[in-house]
Amino acid sequence: MAEASKNTKDDLELVKRAKENDPRAFEVLLKKYHKSVYYMLLKMVNNADDAEDLTQEAFAKAFNSLQKFDSKYAFSTWLFRIATNNCIDFIRKKRIQT
């Protein structure tokens, strides 16, 4: 549990710096979570190109909404929720088109 707590504190510090427009903080968060977000989305859409596009969209949405992030929650939970919701919207649109 101590590792998770340290991880959360590190994330909160990175988010704080990112909110202050520190590009290095954005980069660290992106590198830290890119792979896990990508693989989660890949399982949902079963297409590598779509998963990569959705991953980029999720990070863009998260970083554009960073001021709305509530530090009571883990950044990773918030990011994964954004990614999941974005993917669900993508799947719905794709079903409507086919």
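Before reading on, note that the structure itself is shown above.
Here's what I pulled together on the structure shown here. (Residues numbered from 1 in each chain as written. Predicted model: local features only at pLDDT ≥ 70, side-chain atom pairs only at ≥ 80, totals over all residues. Heavy atoms only, no water.)

### Re the overall build of the chain
Phase 1: Helix and strand counts for the chain stand at 4 helices and 0 strands.
Phase 2: Taken from N to C terminus, the helices and strands of the chain fall in the order α-α-α-α.
Phase 3: With the C-alpha coordinates of the chain rotated into their principal frame, the extents come out at 45 × 30 × 20 Å.
Phase 4: The long-range fraction of contacts in the chain, counting pairs at least 24 apart against all pairs at least 6 apart in sequence, stands at 58%.
Phase 5: Surface exposure of the chain reaches about 6,600 Å², of which carbon and sulfur atoms provide 52%.
Phase 6: Across the chain, 18 positive and 14 negative side-chain charges occur, with their mean positions spaced 4 Å apart. (Helix = DSSP H or I, 4+ residues; strand = E, 2+ residues; numbered from the N terminus. Contact = heavy atoms within 4.5 Å. Areas by Shrake-Rupley, 256 points an atom, 1.4 Å probe, with all protein chains shown as cover. Lys, Arg positive; Asp, Glu negative; His and termini not counted. Charge placed at Lys NZ, Arg CZ, Asp CG, Glu CD.)

### Looking at helix H3 (residues 48–64)
An α-helical turn contains 3.6 residues, so any two residues separated by three or four positions project in the same direction.
Phase 1: Compared with an ideal rise of 1.5 Å per residue, which puts 17 residues at 24 Å, H3 spans 24 Å between its outermost C-alpha atoms and is within 8% of the ideal.
Phase 2: Those residues of H3 lying buried are Asp50, Ala51, Leu54, Thr55, Ala58, Phe59, Ala62 and Phe63.
Phase 3: Backbone nitrogen of Asp49 and a side-chain oxygen of the N-cap are separated by 3.0 Å at the start of H3; the cap is Asn47. (Expected span 1.5 Å × (residues − 1). Buried < 20%, exposed > 50% of the residue type's maximum accessible area, 1.4 Å probe, protein only. Polar contact = N/O pair within 3.5 Å; in protein donor to acceptor, adjacent residues only side chain to side chain.)

Shape descriptors only; they carry no functional weight alone.
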